[in-house]
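Each chain, written out:
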Amino acid sequence: MYIGFELKKIDESFFNDFKYFLNIGNRTLRKHKGIIQDTLDKFENYNGSLDGDKMQSNWFPQINADIFLSHSHADKNLVIAFGGWLKEEFGLECFIDSCIWGYSENLQKLLDNRYSLDEDGKLIYRKVLEVSSHVHMMLNTALLQMIDNCECVIFINTPKSVRPRDVINKIVSPWIYSEIGMTKLVKRKTIDEYRVQKLYESRKEFSDFSIEYKLDTNHLINLTINDLNHWEKIYQKKIGMISLSEHIKINQKTKNNKFMKTALDYLYELKDSQII
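So, here is what we can say about the structure in this document. (Residues numbered from 1 in each chain as written. Predicted model: local features only at pLDDT ≥ 70, side-chain atom pairs only at ≥ 80, totals over all residues. Heavy atoms only, no water.)

### A word on the nonpolar core
In this structure, Phe15, Phe82, Trp85, Ile154 and Trp231 are the most contacted members of the largest nonpolar core, which totals 64 residues. Membership of the second largest hydrophobic core comes to 6 residues, among which are Val162, Ile176, Ile180 and Leu215. (Core = buried A, V, L, I, M, F, W, Y, C linked by side-chain atoms within 4.5 Å. Buried < 20%, exposed > 50% of the residue type's maximum accessible area, 1.4 Å probe, protein only.)

### What to know about the sheet that holds strand E4 (residues 152–157)
Taking strand neighbours across the sheet as the criterion, the 5 strands line up as E3-E2-E4-E1-E8 in an open arrangement whose pairing is parallel. Among the strands making up the open sheet, the edge pair consists of strand E3 (94–96) and strand E8 (221–223). Here the strands of the sheet are splayed against their neighbours by 30° on average, with no regard to which way each runs. As judged from the 4 bridges shared by strand E2 (residues 67–70) and E4, these two strands associate in the parallel manner. The residue bridging isoleucine 67 from the neighbouring strand is cysteine 152, located in E4. (Pairing = 2+ DSSP bridges. Helix = DSSP H or I, 4+ residues; strand = E, 2+ residues; numbered from the N terminus. Axes fitted to C-alpha atoms, helices over the stretch in contact; angles between N-to-C directions.)

### What about the state of the cysteines?
In the structure shown here, the tally under the stated rule is 0 disulfides. The thiol sulfur of cysteine 94 is not disulfide-bonded, and the nearest other cysteine sulfur, from cysteine 150, lies at 8.7 Å. Residue class for cysteine 94 comes out buried when judged on its relative accessible area of 6%. (Disulfide = S-S within 2.5 Å.)

### Points about the environment of valine 135
In this structure, valine 135 sits in helix H6 (residues 125–149). The exposure class of valine 135 is buried, given its relative accessible area of 1%. Between the C-alpha atoms of valine 135 and glutamine 56, which are 79 residues apart in sequence, the distance is 8.6 Å. Setting aside anything within four residues of it in sequence, one finds valine 135 in contact with Phe60, Ser104, Leu107, Gln108 and Leu111. (Contact = heavy atoms within 4.5 Å.)

Dropping the structure here:
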């Protein structure tokens, strides 16, 4: 991760045609979604154990994306449309975790059906917890890798993801809490590391059961709707819609030490006074 932003007060009214951008976002998601193996047979080792690395790469695949969108599952369509807007206006690829990795419950059921049932077909609580810990550790590891791989992280802060109380943000989603915590801990990379390296290379709804966490977003740069509108206006599409990866290829072919500007560079310049 090079930089992280916190976006507030965005809703469907931001888009001049919400359904249009939602369709674009959904098309991108369908392209990203691979064929998820729905049995455990292909993950078995010769000794009967399961290959955790293969399972993680199949169920929680890494996507070649520019922006990691952290959000509440309840804002799913809003975030998909926002990803479609970023794709349409700037050619940026977004990673929306709940849409790509929404199969964790399926994996849990597969594992429970094989390992967590007693002779009468009833779930054994202790084994369910053990299976759940493996699934969540795989997902958490994949999340950390994806955040580290993406140049930019944007946290979509809405009332569905954060409960404001006085001046303290309270959150009940452990996954958002984990993702934002990772953005504080992951090593911050330079832009060159991302631009050069690319050449080589559970549900989040509120429920009756909830545990609140204090969410610290002070390290994230505030991103407003006005910023998004300004960014869209100043971004000049003189050379057509070129993605970040295509910019990198052009610079490599021309052997130019100075990278051409990408859409994200315009955003960074816009928020330059807040980037340390």
